[in-house]
Structure formats: structure tokens, C-alpha cells
Amino acid sequence: MVPLLFGRLLKRLRTQAGMERAELGSRTGYSAATIASFEQGRRIAPARFIMRADEVLGAQGVLVDFIEEMERAQYPAFFQDAAALEKKAVALHFFAVQGVPGLLQTEDYARAVFTMWRPPLDEETIEQRVAARLARQEIFAQKPAPTVTFVMEEAVVRRRLGGLAVWRGQLEHILLVGQRRNVEIQVMPDDREEHASLNGPFTLIETTKGRRIAYVPAYKASRLFADRSTVREVEEQYSLLRAQALTPRESLAFVEKLLGAA
């Protein structure tokens, strides 16, 4: 609904300004076809376009007011609240059991994930979600940088989603991100005899105000937990998982070995 409302307003302001799509596109750095997609609500306009279009069309902030809601609209409904919290977090901790976490995904890996989605997503939705996933990774460039840790099951880094080339690129990216001083990546080996969280993936989020929240993804029923009792349970699981997994240095060596053997 929000992209449609934004698109109608954008078209009205453009026509009132006597401007063709090609001209608006040229002045904002987008093609006429992309402007048409924005106006028809088929594609989510990024913040940089909205701010530039507001200036070019003399909208006096009317378009800028849409930025926050448009950013939320980039994500599936079940992830919108978690995405908003993640963007402002001072610490994030991920436990992954199926695929590489979104904050670590390469563009090719993310596109492979969304292409395999069932029921199938249309091409524009795939590209929109890939762009949104990559935009989340801007969190690594924030100052001060948040603390970000990952524990991934061994199967996650072994699974060759998208084919050999995509998988190799993903492993290389994990090694690259793992060099950041505010990031720690750990692998949980398949041969461990102890495992503190066999009930699935989760994310722990700490906000700038000290709130601690647990996000638990599930099919059409993902949930955010803010009550201290539940969050403490998840924190305990994560603490044990980190103790049971390979150390960050051992984990990067494990990924390097996989890459070398591929």
C-alpha cells in the first residue's frame, strides 16, 4: 500500500512540474523505466532517490516523509519490525542453521536464495529483496560500529547454494567480513556431542537504549520477544553455543580449508 501511495504522489508531482519520466530519471540518476516502476508501486524507491526527487520536484519534504515507511516496505511483513531494530542496534548476535545470515550474504548468494523461494517470487520482487538485503549490510560501516557475532552450523557453510562459483564467492566474503574488528564468526561442527540450541535459528538484538530483544524466525509466524525471561533463555543458549563452537580463528581456518578443497 505505501509504495502505491508514494508512486501516485510522485507521478502527480512530476506531472505538475511538467516533467517527463526520462527527465526526472536523468536528474535523479535513474532510467525512465525505473521511474515508471516507482510510480506504479512495483519497485521500492530508495532513500537517495526520494531525497533527490523531493529536491528536483520542489516537494518541500512531502516525499522525504515517506522514507521510513518505504524502508520498512522493502522487507516481508514478518521481518519489518526486526529490520527497524537491527538498523539501530549496538550489538547483534545470529545463530544460523539453514543458510548464511543476510548480513553476511553476497549479492549472488542472496539472489540465489530468493530465486529458490517457493511459491516463486517475480523478478522485480527478487531484485527488490536482494537490494534490501545488501542495504542492511551498511550497518558494518556505521560509527560507532556495532558488535556483530555469528554462529553457523557447519552445514550452512558447506551447502553450495547457487552453485560452485556462488558458494566460493560466499566463502571468500565470510573470510573478508571475519577480518573486521567488530565481527566474530564461529562454526558449529557437525561432530560436536553437545549442542545448546537444537530448536532452530534466532537473532539477539541490543538497542542503543539497552533493550535486549530476541527475534525468532518461523514460517509466517516470526516473533520478537522482549520479556526478560524469554530473552535470558535465548541469551543462555547463545552463550553456550559460542563455547561449544569452533573459536573465531578456528572457524575462519575451517572456511579457508573448505575453500581450498573446492
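Look up: the structure comes first, before these words.
Residues numbered from 1 in each chain as written. Predicted model: local features only at pLDDT ≥ 70, side-chain atom pairs only at ≥ 80, totals over all residues. Heavy atoms only, no water.

Novice: Report on the pattern of salt bridges, specifying residues and quantitative values.
Specialist: By the definition in use, this model includes 16 salt bridges. Of the charged contacts, one joins Glu 71 and Lys 87 as a salt bridge, the two residues approaching to 2.8 Å between their closest N and O atoms. Taken as a pair, Glu 71 in helix H5 (residues 67–73) and Lys 87 in helix H6 (residues 80–87) lie far apart in primary sequence, 16 residues in all. As a salt-bridge pair, Arg 212 and Glu 235 come within 3.3 Å of each other at their nearest N and O atoms. Here Arg 212 is found in strand E5 (residues 212–216), whereas its partner Glu 235 is found in helix H11 (residues 228–244), with 23 residues between them in sequence. For Arg 212, a relative accessible area of 38% puts it in the partly exposed group. Judged by relative accessible area, which is 19%, Glu 235 ranks as buried. (Salt bridge = Lys/Arg side-chain N within 4 Å of Asp/Glu carboxyl O. Helix = DSSP H or I, 4+ residues; strand = E, 2+ residues; numbered from the N terminus. Buried < 20%, exposed > 50% of the residue type's maximum accessible area, 1.4 Å probe, protein only.)

Novice: Outline the environment of Gly 102, supporting the account with residue identities and numerical values.
Specialist: Within the element layout of this structure, Gly 102 appears in the loop between strand E1 (89–96) and helix H7 (107–115). Sequence separation between Gly 102 and Val 130 is 28 residues, and the spatial gap between their C-alpha atoms is 9.6 Å. Setting aside its immediate chain neighbours within four residues, Gly 102 contacts Arg 133, Arg 136 and Gln 137. (Contact = heavy atoms within 4.5 Å.)

Novice: Which residues make up the packing of aromatic side chains, and what values go with them?
Specialist: In total, this model carries nine aromatic pairs according to the counting rule given. Measuring from ring centre to ring centre gives 5.1 Å for Phe 94 and Phe 150, while their planes differ by 10°; the resulting arrangement is stacked. You can see Phe 94 sitting in strand E1 and its partner Phe 150 sitting in strand E2 (residues 147–153), a full 56 residues away along the chain. Taken together, the ring pairs connect Tyr 30, Phe 38 and Phe 49 into an aromatic cluster. Looking at Arg 129, its charged tip hangs above the ring of Trp 117, at a distance of 5.5 Å from the centre. (Phe/Tyr/Trp six-rings, centres within 6.5 Å; stacked < 30°, edge-to-face > 60°. Lys NZ or Arg CZ within 6 Å of the ring centre and 35° of its normal.)

Novice: Quick one: what's the story with the layout of surface pockets, residue by residue and with numbers?
Specialist: If you add up the space inside the largest pocket, you get close to 1,300 Å³. Those elements that provide at least two residues to the lining of the largest pocket are H6, E1, H7, helix H8 (123–136) and strand E4 (202–207). It is H8 that provides the largest number of residues to the lining of the largest pocket, a total of four residues. For the lining of the largest pocket, a count of residues per class yields 27 nonpolar, seven polar and six charged. (1 Å grid on protein atoms, 1.4 Å probe; cavity = no way out; pocket = protein on both sides within 12 Å on 5 of 7 lines; lining within 4 Å. Points joined across faces, edges and corners; volume = space filled by probe spheres on them. Nonpolar A, V, L, I, M, F, W, Y, C, P; charged D, E, K, R; others polar.)

Novice: Outline the packing of H7 against H8, supporting the account with residue identities and numerical values.
Specialist: It is at 9 Å that the axes of H7 and H8 come closest, and there the two elements cross at 140°. Between H7 and H8, the crossing angle belongs to the class labelled oblique. Our pair here, H7 against H8, has a crossing hand that is right-handed. On the side of H7, the interface is formed by Glu 107, Ala 110, Arg 111, Val 113, Phe 114 and Thr 115, while H8 contributes Ile 126, Glu 127, Arg 129, Val 130, Arg 133 and Leu 134. (Axes fitted to C-alpha atoms, helices over the stretch in contact; angles between N-to-C directions. Parallel < 35°, antiparallel > 145°, perpendicular 65-115°, else oblique. Left-handed = near helix turned anticlockwise from the far one by under 90°.)

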